[in-house]
Every structure is written in structure tokens, then in C-alpha cells.
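Next come the chains, spelled out residue by residue.
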Amino acid sequence: MQQIFNFVIRNKTFLLFLLLFSIALALTIQSHSYHRSKFINSANFLTGGVYGTMNSVDQYFDLKTTNAILSEENRQLREQLFNLQGTKDSSYIDSSYSKGHYKITIADLYKNSYSSTHNILTINKGKNDSIKQDFGVMTSNGIVGIIDNTSKNYATVLSILNVKSQINAKIKSTNHIGSLTWDGKSPVYVQLEDVSQFAPIKVGDTIETGGESSIFPKGIGIGTITSFETDISGDTYKIQVKLFNDMTNIGTVYILENLDRAEIQSLENKTNE
């Protein structure tokens, strides 16, 4: 308290000036409409800037929550879309997707490998989340790979950038089917093999999942054709495909579970006996 008194005594002249100046300024603003309007506009500008900055800071720290909400909305929309593609029965549409063929789970990537020939990804969903081997994995841009192994809380994904990977795919414009593989070179390109020589192919065509397996539904984007050539036998094409996904920068992924997979596999096993 004594220090405050000492400060006031030392600066009494300056403080008196500030007091008188403030009183004069207040009286001027109060008695003149022009000065009053300028003061109000200046005050609004200042407070608006402060509130705008605070709002920007709040939005920045809220980005994680916002992204989680958007990812969940995206999951629901994709699940509905895949299930609608799976049937043309109108009664199915009215059932609020209770007879859906696909269930989608959101996961975050913990580890990404793209520089070796046997690339594996790790995600933060596992057996406790009902994740099993051979579930498909994708992002908003396209497919990523297939679940390889699971633990209680994690799973590894066999990346499409793995020389062991083979995924059913097709040319969107013609529906000609092939096998999607990787030659172990660039993380930007994969190859579509065993496409019939009678397929009308052109650079720029879109490649998507073929739907002839129980892992991925038909129509998920993969990439576009950049070049193609006839293979050694001369009967099929080998096509170079530039991926939609940037496989070096994967974050949130969507895990696809085909709810009819067990039934399909059981039927196929009986057929092969």
C-alpha cells in the first residue's frame, strides 16, 4: 500500500493531467454528436477486432472436435451410400438401412509405411471394436488396403503399396475387370493387370473397385489411367494408374465390414467342395 501512495505522490502532476484530460474528453464526446459517433465507431471496431481474434483462437482449438464430427457424418453418409448400392428393393430403403450390407468404422492411422516393398499401416481399432482380418480400409479419396492382423485395440493393414496386394478393380467407363497390383516402385502409382485386350482404354479413364469380392463394394475410386501397354502374351493390358490417395499422407480412415461376408464365403466353400 505504501508503494502505491509513493507512486501517486511521485506522479501526481501526470495523474492529475490524465484525470482532467479524461473529464474533458468525456464532456466533449457527450456534448457533440459527431464526436460521440466517432467514439462509438472506434470502440466497436476495437471490440470487434478483439472478439474476432478470440473467436479465431476458439475455432483453432476446436478443430479436432469439428474434424471428428465431420468424419462421423462422412462415415454415416458412406455407409448409407454403399448400402443403397447393394440393393434395388424399395422396401430396403424404407427400413432405415436395418438390412444394410456394409458397416463402417472410423479409425486413426498410427503408423504409415510407404517406402519398402511390403508396406504395412497400423490403425487404432482392433478386436475390441469388432475389427477382423480381410476388412477393407479406405479414405475419402479412395482405397488404402485390407486388414491383415488384429490385436485388442489395434490392427495392421496390408497397404495397396505392398507387392503382395491384389485387389479386384475395373475401368469405370467400360466395366472391364482386372487385378490391382503394385510393382514396388513409386508410392504414387499402382498397376491394373489382366485387363482384356478388347477393352477400349484411354488415358484419363477412372479406375475403381470392381465389386467382385466380399471386401470392397463396387465403385470406390482408386485412380486414373496415365499409360498402358500390352503384356508379353498379347492377350491383356497392363495399365499404369495414378492413385487418388496420397499414400504418404494418410490420417483418418474408414474400415468397411461386409455384413454378408460370412454367408458368401460359406456358400462359396460349399460350391468348391
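As the structure is a prediction and not an experimental result, all values here were calculated from the model.

> Quick question: what am I supposed to make of the overall build of the protein here?
Helix and strand counts for the protein stand at six helices and 12 strands. The buried share among the 273 residues of the protein stands at 32%. Put simply, of all contacts in the protein between residues at least 6 apart along the chain, 56% involve residues at least 24 apart. Carbon and sulfur atoms provide 55% of the accessible area of the protein, an area that totals close to 17100 Å².

> Is there a simple way to think about the environment of K111 in this case?
Of note, K111 is situated in strand β1 (residues 102–111). Given a relative accessible area of 54%, K111 falls into the exposed group. If near-sequence neighbours (up to four positions away) are discounted, K111 is found in contact with I120, L121 and T122.

> Mind showing me how you'd approach the sheet that holds strand β10 (residues 221–230) here?
Paired through backbone hydrogen bonds, the strands of a sheet run either parallel or antiparallel to each other. If you trace the six strands once around the closed barrel, you get β6-β7-β8-β11-β10-β9, paired in antiparallel fashion. Shown here is a sheet whose adjacent strand axes are inclined to one another by a mean of 40°, direction ignored.

> Any chance you could explain the nonpolar core here in plain terms?
One broad trend across soluble globular proteins is that nonpolar side chains are buried collectively. Counting residues in hydrophobic clusters, the biggest one holds 43 residues, and the most contacted among them are I123, I147, L192 and I239. In this structure, I123 is in contact with A107, D108, L109, Y110, I147, N153, Y154, A155, V157, V253 and I255, ignoring residues within four places of it in sequence.

> How should the pattern of salt bridges be read in this particular structure?
The full count for this structure, using the stated rule, is three salt bridges. Between K238 and E193 there is a salt bridge whose closest N-O contact spans 3.8 Å. Taken together, the positions of K238 in strand β11 (residues 236–243) and E193 in strand β8 (residues 189–196) put the pair 45 residues apart, joining distant regions of the chain.

> Got a minute to help me understand the sheet that holds strand β5 (residues 155–162) in this structure?
Ordered by their spatial adjacency, six strands build a closed barrel running β1-β2-β5-β4-β3-β12, and the pairing between neighbours is antiparallel. On average, adjacent strands in this sheet sit at an angle of 45° to one another, irrespective of strand direction. Bridge count between β1 and strand β2 (residues 118–123): two bridges; the pairing is antiparallel. By the bridge assignment for β2, L109 is matched with I123.

> I keep staring at the side chain of N168 and nothing clicks. Help me out?
With respect to the element layout, N168 can be found in strand β6 (residues 167–171). Using a relative accessible area of 18% as the deciding quantity, one classes N168 as buried. For N168, the side chain forms a polar contact with the main-chain nitrogen of E212, separated by 3.1 Å. Those residues in contact with N168 that lie beyond four places of it in its chain are I177, G178, T209, G210, G211, E212 and S213.

> Teacher, can you tell me more about unusual backbone geometry here?
Backbone phi values are negative for most residues with the exception of glycine, while trans is the configuration of most peptide bonds. For S130, which is not a glycine, the phi torsion comes out positive at approximately 65°. For S130, the location among the structural elements is in the loop between β2 and β3 (136–138). By relative accessible area, S130 is classed as partly exposed at 39%.

> Sorry if this is basic, but what is going on with the environment of E229 here?
Mapping E229 onto the fold places it in strand β10. The spacing of E229 and Q240 is 11 residues in sequence and 8.7 Å in space, taken between C-alpha atoms. Excluding residues within four positions of it along the chain, E229 makes contact with T236, Y237 and K238.

> Could you clarify how one ought to interpret the pairing of strand β4 (residues 143–150) in this entry?
Regular strands have side chains that alternate between both faces of the sheet. Sheet topology places β3 next to β4; three bridges connect them, and they run antiparallel. Counterpart to G136 in the pairing with β4 is I146. Hairpin connection from β3 to β4: four residues lie between these consecutive antiparallel strands. Sheet topology places β4 next to β5; five bridges connect them, and they run antiparallel. By the bridge assignment, G145 is partnered in β5 with S159. The antiparallel pairing of β4 with β5 creates a hairpin that spans four residues between the two strands.

> Sorry, what's going on with a nonpolar patch on the surface here?
Where nonpolar side chains cluster on the molecular surface, the patch consists of F14, L15, F17, L18 and F21 and spans about 480 Å² of accessible area. The residue F17 is located in helix α2 (residues 12–31) in this model.

> What should I look at first to understand the side chain of D205 in this one?
If you trace the backbone, D205 turns up in the loop between β8 and β9 (206–209). Among the polar contacts made by the side chain of D205, one reaches the side chain of K202 at a distance of 3.1 Å. In contact with D205, not counting residues within four places along its chain, are I171, S173, P200, G223, T224 and I225.

Rules used in this analysis
- Residues numbered from 1 in each chain as written.
- Predicted model: local features only at pLDDT ≥ 70, side-chain atom pairs only at ≥ 80, totals over all residues.
- Heavy atoms only, no water.
- Helix = DSSP H or I, 4+ residues; strand = E, 2+ residues; numbered from the N terminus.
- Buried < 20%, exposed > 50% of the residue type's maximum accessible area, 1.4 Å probe, protein only.
- Contact = heavy atoms within 4.5 Å.
- Areas by Shrake-Rupley, 256 points an atom, 1.4 Å probe, with all protein chains shown as cover.
- Pairing = 2+ DSSP bridges.
- Axes fitted to C-alpha atoms, helices over the stretch in contact; angles between N-to-C directions.
- Core = buried A, V, L, I, M, F, W, Y, C linked by side-chain atoms within 4.5 Å.
- Salt bridge = Lys/Arg side-chain N within 4 Å of Asp/Glu carboxyl O.
- Polar contact = N/O pair within 3.5 Å; in protein donor to acceptor, adjacent residues only side chain to side chain.
- Patch = residues over 30% accessible without salt bridge, like charges linked within 9 Å, V, L, I, M, F, W, Y side chains within 5 Å.

Note that all results are geometric; they support no functional claim without further evidence.
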